[in-house]
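Here is what each chain is made of, one letter per residue.
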Amino acid sequence: MRNSRAVRTAALAVVGVATVVGLSACEMSGGGTFTSDAGANNKANVGLDIQCDVFGGGSGTFTFIDRNSAQKSEDRVSVEGTVQGCTRVIGVITATGTYQARPTGDGGKFRITAVDTGKTGPDKGDKMALTLSGGRFDGYMFKGTLAGGNFTYTP
C-alpha cells in the first residue's frame, strides 16, 4: 500500500512538472528589415525562430545581414546563429548561443533580444538588438526598430 501511494505521488509530480513546462515555454518568430537606432540609412535584415523553455534553455536559429556594414557583399556582417540559452518575459526574448560568419570566417558568440509590441501586422514598432563577440565580427552591435516585417511572440 505504501509503495503504491509513493508511485502515485511521484507520477502526479511528473505530470505537474510537465504541465508547467508546457504552459511556460514560448516562441518568437518572424523577421524583416530593421532601421538602426544609430542612423536612419543603416538597415539590416533579420529572420528568427527561437524557442525558450522554463529552465533557461533554448533552441532555434536566426539569420542577420547588415547590408550597410560594407560595400562589398563578402565583407558585410552576415551571420547565422544557433540558440543555446534563452530568457523571456511577455513579448520579449533574449537568446544566446553561437554564430557562424557568412560566407566565411571564424564564428563566435551572440546575444539577441527581440521585442514584439503585440500589435498585429507589419511595421508596428517591434525592436531587436544584437551583440556579437569573438570570431570575425567581434564587438559588432546593432540595435533597431522594425521598418518592414513582423515578430510574433507566442506564449
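Note: the structure precedes this text.
Residues numbered from 1 in each chain as written. Predicted model: local features only at pLDDT ≥ 70, side-chain atom pairs only at ≥ 80, totals over all residues. Heavy atoms only, no water.

**What to know about the packing of aromatic side chains**
With the rule as written, the count across this model stands at four aromatic pairs. Pairing Phe34 with Phe151 gives two aromatic rings, centres 5.4 Å apart and planes at 40°, and the pair type is tilted. Of the two residues, Phe34 is situated in strand S1 (residues 26–36) and Phe151 in strand S8 (residues 141–154); the sequence distance between them amounts to 117 residues. Accessibility assignment for this pair places Phe34 and Phe151 in one class, buried. A ring pair is formed by Phe64 and Phe142, whose centres lie 5.5 Å apart and whose planes are at 65°; its orientation type is edge-to-face. Of the two residues, Phe64 is situated in strand S3 (residues 58–66) and Phe142 in strand S8; the sequence distance between them amounts to 78 residues. With a relative accessible area of 4%, Phe142 lands in the buried category. One aromatic cluster is present, built from ring pairs that chain together Phe64, Tyr140 and Phe142. (Phe/Tyr/Trp six-rings, centres within 6.5 Å; stacked < 30°, edge-to-face > 60°. Helix = DSSP H or I, 4+ residues; strand = E, 2+ residues; numbered from the N terminus. Buried < 20%, exposed > 50% of the residue type's maximum accessible area, 1.4 Å probe, protein only.)

**A look at the nonpolar core**
Counting 30 residues, the largest nonpolar core has Leu48, Phe64, Phe110, Ile112, Met128 and Leu132 as its most contacted members. Put simply, the parts of the chain that give this core at least two residues each are S1, strand S2 (39–52), S3, strand S4 (77–89), strand S5 (92–101), strand S6 (108–115), strand S7 (127–133) and S8. Residue contributions to this core peak at five residues, all from S2. (Core = buried A, V, L, I, M, F, W, Y, C linked by side-chain atoms within 4.5 Å.)

**Brief notes about the state of the cysteines**
Each disulfide consists of one covalent bond between the sulfur atoms belonging to two cysteines. As enumerated under the stated definition, the model contains one disulfide in all. Between Cys52 and Cys86 runs a disulfide, and the two sulfur atoms are separated by 1.7 Å. Residue Cys52 is found in strand S2, and its partner Cys86 is found in strand S4; the two are separated by 34 residues along the sequence. Left unpaired, Cys26 is separated from the closest cysteine sulfur, that of Cys52, by 4.2 Å. (Disulfide = S-S within 2.5 Å.)

**Here's the deal with the pattern of salt bridges**
Applying the stated criterion across every chain yields a total of one salt bridge. With a shortest N-O distance of 3.3 Å, Glu80 and Arg102 are connected by a salt bridge. Here Glu80 is found in strand S4, whereas its partner Arg102 is found in the loop between S5 and S6, with 22 residues between them in sequence. On the accessibility criterion, Glu80 (37% relative accessible area) is partly exposed. With relative accessibility at 31%, the residue Arg102 sits in the partly exposed group. (Salt bridge = Lys/Arg side-chain N within 4 Å of Asp/Glu carboxyl O.)

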